[in-house]
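Coordinates in review
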Amino acid sequence: ITIPSHLIGSIPRPDGLIQANVGYENDVVSLEKLQQMQLKAIEATIRELDVTQSEVLTDGEQTKPSFLTYPIYDLVNDCYTFDDKCFQLTFSDGHKRTLPRLIKAPFHFATYAYRYLNVAKQFTSKPIKQAVITASALSMVYSPILLSMGAIENYTREQFLVDLYNECEKDIRMCLVQMDFTEARLSLKIDPTGQLLKEFILINNKVLDRFTREEQKKIGVHVCPGGDCDSYHSYEIDYTLMLPDLFQLHLTNFYLQLSSEKDHIRILKCIQQHMKPEHQIYVGVVDPINPLIESVQTVCDRVLEAAQYIPLIQLGTTDDCGYSPFADDRSTSREICYDKIKARIQGTKLAEKILNEQR
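Here is what the cut-offs are and how they apply
Residues numbered from 1 in each chain as written. Predicted model: local features only at pLDDT ≥ 70, side-chain atom pairs only at ≥ 80, totals over all residues. Heavy atoms only, no water. Phe/Tyr/Trp six-rings, centres within 6.5 Å; stacked < 30°, edge-to-face > 60°. Buried < 20%, exposed > 50% of the residue type's maximum accessible area, 1.4 Å probe, protein only. Helix = DSSP H or I, 4+ residues; strand = E, 2+ residues; numbered from the N terminus. Pairing = 2+ DSSP bridges. Axes fitted to C-alpha atoms, helices over the stretch in contact; angles between N-to-C directions. Salt bridge = Lys/Arg side-chain N within 4 Å of Asp/Glu carboxyl O.

1. Observations regarding the packing of aromatic side chains
Describing an aromatic ring pair means giving the distance of the ring centres and the angle of the ring planes. Counted under the stated rule, the structure contains 11 aromatic pairs. Centre to centre, the rings of Phe107 and Phe109 are 5.9 Å apart; their planes meet at 80 degrees, and the pair counts as edge-to-face. An identical accessibility class is assigned to Phe107 and Phe109; each is buried. Aromatic pair Phe109 and Tyr112: ring centres 5.4 Å apart, planes at 40 degrees, arrangement tilted. Of the two residues, Phe109 and Tyr112, neither departs from the other in class, the shared state being buried.

2. Description of the environment of Thr156
With respect to the helices and strands, Thr156 occurs in the loop between α5 (135-138) and α6 (157-173). Residues Thr156 and Pro225, spaced 69 residues apart in sequence, show a C-alpha to C-alpha distance of 31 Å.

3. Some details on the sheet that holds strand β9 (residues 280-286)
Strand order in the open sheet formed by six strands is β5-β6-β7-β8-β9-β10, and the pairing between neighbours is parallel. Because the sheet does not close on itself, it has two edges, and the strands there are β5 (130-133) and β10 (315-319). Averaged over all pairs of adjacent strands, the angle between their axes in this sheet comes to 30 degrees, without regard to strand direction. Pairing between strand β6 (residues 177-180) and strand β7 (residues 220-223): three bridges, direction parallel. Bridging across to β7, Met179 finds its partner in Val221.

4. Here's the deal with the pattern of salt bridges
Summed over all chains, the structure comprises 20 salt bridges. A salt bridge links Asp15 to Arg330; the shortest N-O distance between them is 3.9 Å. Of this pair, Asp15 sits in helix α1 (residues 15-25) while Arg330 sits in the loop between β10 and α13 (334-358); the two residues are 315 residues apart in sequence, bridging distant segments of the chain. Residue Arg157 pairs with Glu199 through a salt bridge whose shortest N-O separation is 3.2 Å. Note that Arg157 is positioned in helix α6 and Glu199 in helix α8 (residues 195-208), a separation of 42 residues in sequence. Overlapping salt bridges bring together Glu169, Arg173, Arg210 and Glu215 as one network.

Structural measurements only, silent on function.
Given below as C-alpha cells:
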C-alpha cells in the first residue's frame, strides 16, 4: 500500500520578497532587483520543500500576484476596471478580494502558468506541479447579467466564453496541473439553488472535454471554503451540497479540504457515495489556517479514518488549502508551513506502515 501525499501549491513569501513587491509598485525598487529576489525565493522554496521529503514540488507561487488573477494581472490597467460591478470575495473577517471587470475585448491571457513552471525547473529534477485558475473563476470578469454590468459593444458573453475556453486550455496543456476551484462552494452562497454551481461545472467541463481521457488523468482540482488571511469566504456552506456536482468534473484527481471540517465522517460518507472508480481522492489532513501544528499521530489517525471510506488504491493526502494564495498574505509563517507539510508526509507514511502491517 502506497498513499501519495501532495501539497496544494502556495507557500508564504519571504518578507524580503513582499517588501520588494511593494517597492517595485511604488517605483523605489528596480525590475532587475525584484527579479533577483523572486529567483532567490523560488530556489529557497524548492530547496526547503525538498527537505520535507515532498515527492512532488511546486514553486510555492512565489511570483504570482495571486492564484486568481495571475493570467490577467498585467492587463489590468489596459483592459479592466475596478468598480461596484466587479465580482468580490468577502471573507469571514470582513476583508474583500476583488476580481477586475473586463471592459476591452477580446479576453486573453497575458501570462500562462508554464512560465512559472519553467523557472522552477532550473532548481530541481523532481516532478513539479503548477496550480492554474479555473475557467469558471475567470468567467466572472465578464458576466453582464449576473453582475448587472454593462456589456462590451459587439462582444457577447458567448464570444467571451469561447475566448476563455481557448486560453484556459492553453494554460492547462503546458503544465502538470491542479485547477483551483475555490468558487465551487462560494457559488452556493451566491445562489443557494445550485444553478450557478452547475454552470461553473459546465464551463470547466467545456475546457476539460478538449483533453483525452489519458490527459484528464494528469489533471486535478482543488476545492476549499476559500482560505485567506486566516479566514474563509464560504465555510458556513454545507460541503456535502457541493460534492455531488464536483464529482461530475471530467478529470481524475480531487484535492479536498477536510481536516478543518467539524464532521469528517459525514463528508467522507458523501465522498464515498459520489466518487467514481477512476477518481484519486486526496483528503486534507492538515489545516493551514490553524496555527497549531498537527502531530504525526493526528495526521496518521486522519488517514486511517479516511481509509475506512475511500479505497486505498484511490486514497491520497494533501493540505486543506494553499498557505498563501494571495501574495500579501502573511498570516502563516514559512516555518509553520513547512512543519505542517512535514507532519502530513510523516503521518501519511506512518498510516501506510500500519495499513501494510494489517494487510
